[in-house]
Amino acid sequence: MTLQAIKWDKMDGKLEILDQTLLPATTHYIQVKDVEDGWKVIHKMQVRGAPAIAIVGCLSLAVEIIQHPEYEHKTAFRQNIESKLNYLVSARPTAVNMKTAANELIKLANFLCDSDIYTLSQMRDKFISDIEEMLRKDVADNKSIGNFGAHEILRNVPKDGFTRILTHCNTGSLATAGYGTALGVIRSLHELGKLEHVYCTETRPYNQGARLTAYELVHDKIPATLICDDMVAAVLKTKQITAVVVGADRVAVNGDTANKIGTYQIAILAKYHNVPFYVAAPMTSIDFQMPNGDNIIIEERSEREMTHMNDKRIAAEGIKCWNPSFDVTPASLITGIITEIGTFKPSELIRVKKDTSEYTNK
Ligand code: MRU
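In every chain, residue numbers begin from 1 and rise along the written sequence. With the structure being a predicted model, the display of local features is reserved for residues of pLDDT at least 70 and the display and counting of side-chain atom pairs for 80 or more, all residues being used for whole-chain, interface and lining totals. The side-chain quantities take in all heavy atoms of the structure and omit both hydrogens and water.

By the naming in an unreviewed UniProt entry, the protein chain goes by Methylthioribose-1-phosphate isomerase and is assigned to Lasius platythorax. Check the Function (unreviewed entry) section of the UniProt entry for the protein chain; it says "Catalyzes the interconversion of methylthioribose-1-phosphate (MTR-1-P) into methylthioribulose-1-phosphate (MTRu-1-P)." UniProt positions are given in the numbering used here, feature names are shortened, and annotations may be inferred rather than shown by experiment.

What follows is the structure, given as structure tokens:
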């Protein structure tokens, strides 16, 4: 049985997402009936992870287009698409993938609207099929990321050797359309018979590691150990870690990377212990408009995530809290950025921008 965060029924235009706030105790799917529902499930983190946020956001729009096809003309359709997409972008600010997808779809809407060749109904069909294509492409991209990443890490391992990987947060099937990015690299090493062990952090305060990554690793029978976030230095010192691999919510052109809070301190610790530190992310996570990490908006979430556990208060009453959901790891701490088109040094991204203009999110 494969883990499925997103269920899409093309025939009926029906979208369901696995409620990740209830995992691992309860497996419950929520139906997303329109863009408003899409915004809510993203905002409440019932679906999370940069690629999954974008796919669910766009599919919620596809549901609306299928269920409510009544537009008077192409211009009205285009205007509606644009405002709905911009609304979806506002659900969570740090991950760039929804913004990248929105820009691409708005560009498509403008093109189809201005073209005499497409009727309104053809315009709708093209829109829906392009959104559906995101599901297939994301899984294919993740498999490429997994393959590139595994071979990159194995370059420094003796032919008969094995790898021991440390990862943070959840970057697997639950955070994507399937397979995962950093967890895709781990899956790929496992499939190659080259993975000895994985260490996953619990990822306080939201516990994506303990609740979701641990769940995926157990599900796939991948040898793994859960650690608290404050055990990373001890693990790097004593457990012969081959590489750290994490995901990304937004990579700036200079390679600075926003990812789950705690990533930055892991990168510093990896540097100190001479362990390579990789970011695994699809090209849609690279923000070619963002020159460096200084201006990436960092989402701050409710202090209740820190003060309570299962609705029970664990922090002293009256204490102030600061709960940034992400931090920015400077490019200088990153060994390589693993994408579906290859692995790059952070300094090479600027060249990738020039070479792959199709990926630039203008
Ligand atoms: O707050 P979340 O759970 O959405 O944060 C997720 C992460 O930070 C992931 O590492 C990132 O989105 C990459 S998912 C492939």
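Let's pick the thread back up.
Trainee: Mind showing me how you'd approach the site of the ligand here?
Mentor: Proximity is defined per residue: if any heavy atom of the residue lies within 4 Å of a molecule or strand, that residue is considered near it. Around the ligand there are 18 residues in total, and R48, R92, D249, N259 and K260 lie nearest to it. G49 has a polar backbone atom sitting 3.0 Å from an oxygen atom of the ligand. Bound to the protein, the ligand loses 99% of the 420 Å² it would expose on its own. The pocket occupied by the ligand, as judged from atoms lying within 2 Å of grid points, is the largest cavity. Under the DSSP-based scheme used, a helix requires at least four consecutive residues in state H or I and a strand at least two consecutive residues in state E, with every element numbered from the N terminus. Of all elements in the fold, only α2 (50–67) and β9 (257–260) reach the threshold of two or more residues within the shell around the ligand. The nonpolar class holds Ala, Val, Leu, Ile, Met, Phe, Trp, Tyr, Cys and Pro. Asp, Glu, Lys and Arg form the charged class, and all remaining residues, Gly among them, are polar. Class assignment for the residues of the shell around the ligand results in seven nonpolar, seven polar and four charged. Within 3.5 Å is the distance limit for a polar contact, defined as a pair of N or O atoms, with the added protein rule that one can donate a hydrogen and the other accept it, and that residues adjacent in sequence qualify only through two side-chain atoms. Only the protein chains shown count as covering a residue, and every accessible area follows the Shrake-Rupley method with a 1.4 Å probe. Cavities and pockets are found on a 1 Å grid laid over the protein atoms alone: a cavity is a set of points where a 1.4 Å probe fits but cannot escape, a pocket is an open set with protein on both sides within 12 Å along at least five of seven lines, and a lining residue has an atom within 4 Å of such a point. Each molecule is checked against the cavity or pocket grid, and it sits inside if more than half of its atoms lie within 2 Å of the grid points.

Trainee: What is the right way to look at empty space enclosed by the protein in this model?
Mentor: Where empty space is left becomes clear once a probe the size of a water molecule has been rolled over the atoms. Grid points are joined across faces, edges and corners, and a volume is the space filled by probe spheres set on the points. Evaluated as defined, the whole model comprises two cavities of 30 Å³ or more. Taken as a whole, the largest cavity holds about 190 Å³ of empty space. Lining of the largest cavity is provided by 23 residues; of these, G49, A50, N170, D249 and N259 occupy positions nearest its centre. Here the residues of the lining of the largest cavity sort into 10 nonpolar, nine polar and four charged. If you go around the second largest cavity, the residues you meet are M45, R204, P205, Y206, Q208, K260, I261, R301, E305 and S325. Considering only residue class, the lining of the second largest cavity consists of four nonpolar, two polar and four charged.

Trainee: Where do I start with the sheet that holds strand β6 (residues 224–227) in this structure?
Mentor: The strands making up a sheet are joined through hydrogen bonds of the backbone, oriented either antiparallel or parallel. Ordered in space as β6-β5-β4-β7-β10-β15-β16, the seven strands form an open sheet in which the pairing is mixed. Two strands in the sheet have a free side with no partner beyond their single neighbour: β6 and β16 (342–344). Within this sheet the neighbouring strands show an average axis-to-axis angle of 25°, counted without direction. As paired strands, strand β10 (residues 277–280) and strand β15 (residues 336–339) are joined by three bridges and run parallel to one another. Its bridge partner being in β15, V279 is matched across the sheet by I337. In the packing of helix α5 (residues 120–154) onto the sheet, the strands contacted are β4 (163–167), β7 (243–246), β10, β15 and β16, and the crossing angle to β15 comes to about 145°. The rule for pairing is simple: two strands pair if DSSP sees at least two bridges between them. Only C-alpha atoms enter the line fits that serve as axes; for helices the fit covers just the stretch in contact. Angles between N-to-C directions range over 0 to 180 degrees. In what follows, residue pairs with any heavy atoms lying within 4.5 Å of each other are defined as contacts.

Trainee: For this particular structure, what's the right way to read the UniProt feature "active site" (unreviewed entry) in the protein chain?
Mentor: As recorded in UniProt, the sites labelled "active site" (unreviewed entry) are D249. Structurally, D249 is set in the loop between β7 and β8 (250–252). Not counting chain neighbours up to four residues away, the residues in contact with D249 comprise A50, T94, A95, V96, N97, A258, N259, K260, S285 and F326.

Trainee: Hey, could you run me through the nonpolar core in this one?
Mentor: Considering soluble globular proteins, one finds that nonpolar side chains tend to be buried as a cluster. In this text, buried Ala, Val, Leu, Ile, Met, Phe, Trp, Tyr and Cys residues form a nonpolar core when linked through side-chain atoms within 4.5 Å. Any residue under 20% of the maximum accessible area for its type is buried, any over 50% is exposed, and the rest in between are partly exposed; the area is computed with a 1.4 Å probe on protein chains only. Of all hydrophobic cores here, the largest spans 48 residues; its most connected members are I6 and F127. Sorting the residues of this core by element identifies β1 (6–9), β2 (14–18), β3 (29–32), α1 (35–43), α2, α3 (74–89), α4 (97–114) and α5 as the ones contributing at least two each. Here this core gets 11 residues from one element, more than from any other, and that element is α2.

Trainee: I would appreciate a short explanation of the environment of S325 in the present structure.
Mentor: Here S325 shows up in the loop between β13 (312–313) and β14 (326–329). Contact partners of S325, with chain neighbours within four places excluded, come to R92, N259, K260, I261, I298, E299 and R301. At a separation of 2.9 Å, a polar atom in the side chain of S325 contacts the side chain of K260.

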